[in-house]
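# Understanding the architecture of this molecule
Next come the chains, spelled out residue by residue.
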Amino acid sequence: MWKSMKYQKQLGQRYQLCAGRPLSVGTALKQQTHLELLDTTPTRTDEEWLQAKPYAAVPGPGTCRVLSYFLPGGKLYNTNLIQMNRRMREWYGDIYRFPGMLGKKDVIFTYNPKDFESTYRNEGIWPIRIGLESFTYYRKVHRPDVFGGIGGLVSEQGKSWSDIRNKVNPVLMKVQNVRQNLPQIDQISKEFIDKLETLRDPSTHTLNADFHEQIKMWAFESISYVALNTRMGLLTDRPDPNAARLAQHMSDFFNYSFKYDVQPSIWPYYKTPGFKKFLETYDHITEITTNYIETAIERFKQEEQHTGNKCVLEQLLALNKQVAVVMAMDMLMAGLDTTSSAFVTILYHLARNPVKQTQLRRELQRILPRSEDVLTAENTKNMPYLRACIKEGLRITSITPGNFRITTKDLVLSGYRVPRGTGVLMGVLELSNSDEYFAQSAQFIPERWLKPDTDGDTQSCPEARSRNPFVYLPFGFGPRTCIGKRIAELEIETLLVRLLRRYQVSWLGQTPLQYESTIILSPHGDIRFKFEPIPD
Ligand code: HEM
């Protein structure tokens, strides 16, 4: 009895430390009806489990040692996430435990594809990916007045996550439904090219502006068209006055999120002035996006008679207004830096590989004999080399370097017992860059992704592709895979077609493209391309 009361008390402390943390692992697990108890004590008694080494034997530093690593002068002081993971892997091996701190749980880092497979195959129908806890806090605790208890896809878990996901999947994951946005996404790409022309020095073919910033504007214009059915005008000289404000708040959001969601922070216990500013940033984003949505609703009412296909926002509103508002915000937050970083990455690899770029251009010239020709659902169907280039770019640099899950079952990972409720970070970036899984892994070889029967003059090379599907997952895996994948692909493909049909692109940076790693990998530093027009 005492033991049980003490246990309940411990659980209470563990899961109700403050209003911001109750929606953590415990609650997420509790929401899964097959795991009703908060108790994460292992229940497996089968041979594999019994034969495995205990969890305590997983290599890794203790809490004090980890803290010493990050102090000034420490071995990991001032390293970014990628550098930190690489060093830890060198010291501790292909599986190690990073101890939980300040209310966060332990995380197992693994570089073993068998572990990836085990984790994904056992994730069940409601996979748990605890990501941005500040999101959950803001929506569920700080502003329930606006969100009515809906946390959104990024932060919900269990049945509440699946209720939203099942509703929005047909709108966002169906290729044809997403592809009906092609004319507008293409229009945005053409406006980007027009803007590029105004920034391009015709004698040197270089830009008088920061290319990465311009690409962020393109990504913003594209995703806000899809999410808010609004043209922000960011690629024109008359942008919507609120658009620049929203863009700035989104950029602040990413910086704050890294600080308060990824790095250890005391905000769950004490709301620091910096965290309060973060909440204000959330407030600004909420206010501006809801205003755009209200305006769009008015517009839809006036256009009620229109008979054409409904846009994404209209389809989401037809499901449920609150879900639509939350989903639109999630699309803006998750679909901006990811798409712009991926685009710069893929363009960089093509710029560094002129032979592959020329090969790609042949395909593009077949699709668009004249650069001004129209892109249609029909002529964009068959672009195998373009799609292979995108895949290959994201293989060399997966901008989400690791995929994360909280285990919902007791698992044996790399021979160790890992109880359910443990965080597992799967280091895909390292494996997709390893010669063990991809021949000549450092080389940009789009041919690995071509099917042997691909038309045209390109020789496919599927044998250079890994036989293990779990070592290449730039958009994640399973029921919780990226819901914006189709939108991102449409945006990236369309702009690549327009840009590379029009220009020969080369890399002028002094070094290979550098990245800064916050929640994703973001291109950083000297990003300079040369754009030489190609005669029609
Ligand atoms: C190249 C661009 C992108 C990349 C590489 C990317 C990558 C990812 C990855 C790896 C995940 C985690 C998947 C998992 O845990 O299995 C994810 C989730 C997510 N992404 Fe993307 N993403 C991209 C673009 C977008 C876009 C354009 C949107 C918006 C429409 C978006 C919205 C989301 C959302 C809402 C989730 C959470 C899904 C859920 O938990 O159900 N992403 N993305």
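UniProt lists a comment for the chain under the heading Cofactor (unreviewed entry), and it reads "heme".

Below, the discussion takes up the coordination of the iron atom of the ligand. A lone protein donor contacts the iron atom of the ligand, and this donor is C482 (SG), found at 2.3 Å. On the secondary structure map, C482 appears in the loop between α20 (428-432) and α21 (485-502).

Close contacts around the ligand come from 26 residues, with R129, R165, R405, R480 and C482 the closest. One of the side-chain N or O atoms of R405 is found 2.8 Å from an oxygen atom in the ligand. The separation between an oxygen atom of the ligand and a polar main-chain atom of F477 is 3.1 Å. Elements represented by at least two residues in the shell around the ligand include exactly α9 (158-172), α16 (321-334), α17 (337-352), β3 (403-406) and α21. Considering each element in turn, the shell around the ligand owes the most residues, 3 residues, to α17.

Of all hydrophobic cores here, the largest spans 151 residues; its most connected members are F211, M331, F343, L347, L496, F529 and F531. With 11 residues, the single largest contributor to this core is helix α14 (residues 273-302). Ignoring anything within four residues of it in the chain, the contact list for F343 reads F211, I215, W218, I492, L495, L496 and L499.

Given a rise of 1.5 Å per residue, 12 residues ought to cover 16 Å, and the 16 Å separating the end C-alpha atoms of helix α5 (residues 81-92) matches this to within 8%. All of the buried residues in α5 are I82, M84, N85, M88 and Y92. Taken around the axis of α5, the buried residues stretch over an arc of 160 degrees, which confines them to a single face. Next to the buried residues of α5 lie α4 (63-70), β1 (95-98), β2 (107-110), α20, β8 (514-517) and β9 (521-524). One or two residues past the end of α5 sits G93, with phi positive at roughly 105 degrees.

What counts and how
As a convention, each chain's residues are numbered from 1 in the sequence order in which they are written. Local features in a predicted model are, by the rule used here, given only for residues with pLDDT of at least 70; side-chain atom pairs are given and counted only at 80 or more, and totals for whole chains, interfaces and linings are based on all residues. Side-chain numbers come from the whole structure's heavy atoms, not from hydrogens or water. UniProt positions are given in the numbering used here, feature names are shortened, and annotations may be inferred rather than shown by experiment. Listed donors are limited to N, O and S atoms within 2.8 Å of the metal, widened to 3.2 Å for Na, K and Ca; water is not among them, so incomplete-looking sites are possible. Helical segments are the DSSP runs of H or I of at least four residues, strand segments are the runs of E of at least two, and each set is numbered from the N terminus. Any residue with a heavy atom positioned within 4 Å of a molecule or strand is treated as near that molecule or strand. Counted as a polar contact is a pair of N or O atoms within 3.5 Å, where, for protein atoms, one must be capable of donating a hydrogen and the other of accepting one, and residues adjacent in sequence contribute only when both atoms are in side chains. Nine residue types can take part in a nonpolar core, namely buried Ala, Val, Leu, Ile, Met, Phe, Trp, Tyr and Cys, and a core is a set of them joined through side-chain atoms within 4.5 Å. Burial classes follow relative accessibility: with a 1.4 Å probe on protein chains only, a residue under 20% of its type's maximum area counts as buried, one over 50% as exposed, and anything between as partly exposed. Working rule for contacts: check all heavy atoms of both residues, and any pair within 4.5 Å makes them a contact. Every helix has an expected span of 1.5 Å times one less than the residues it contains. The arc in question is traced by the directions running from the helix axis to the C-beta atoms.

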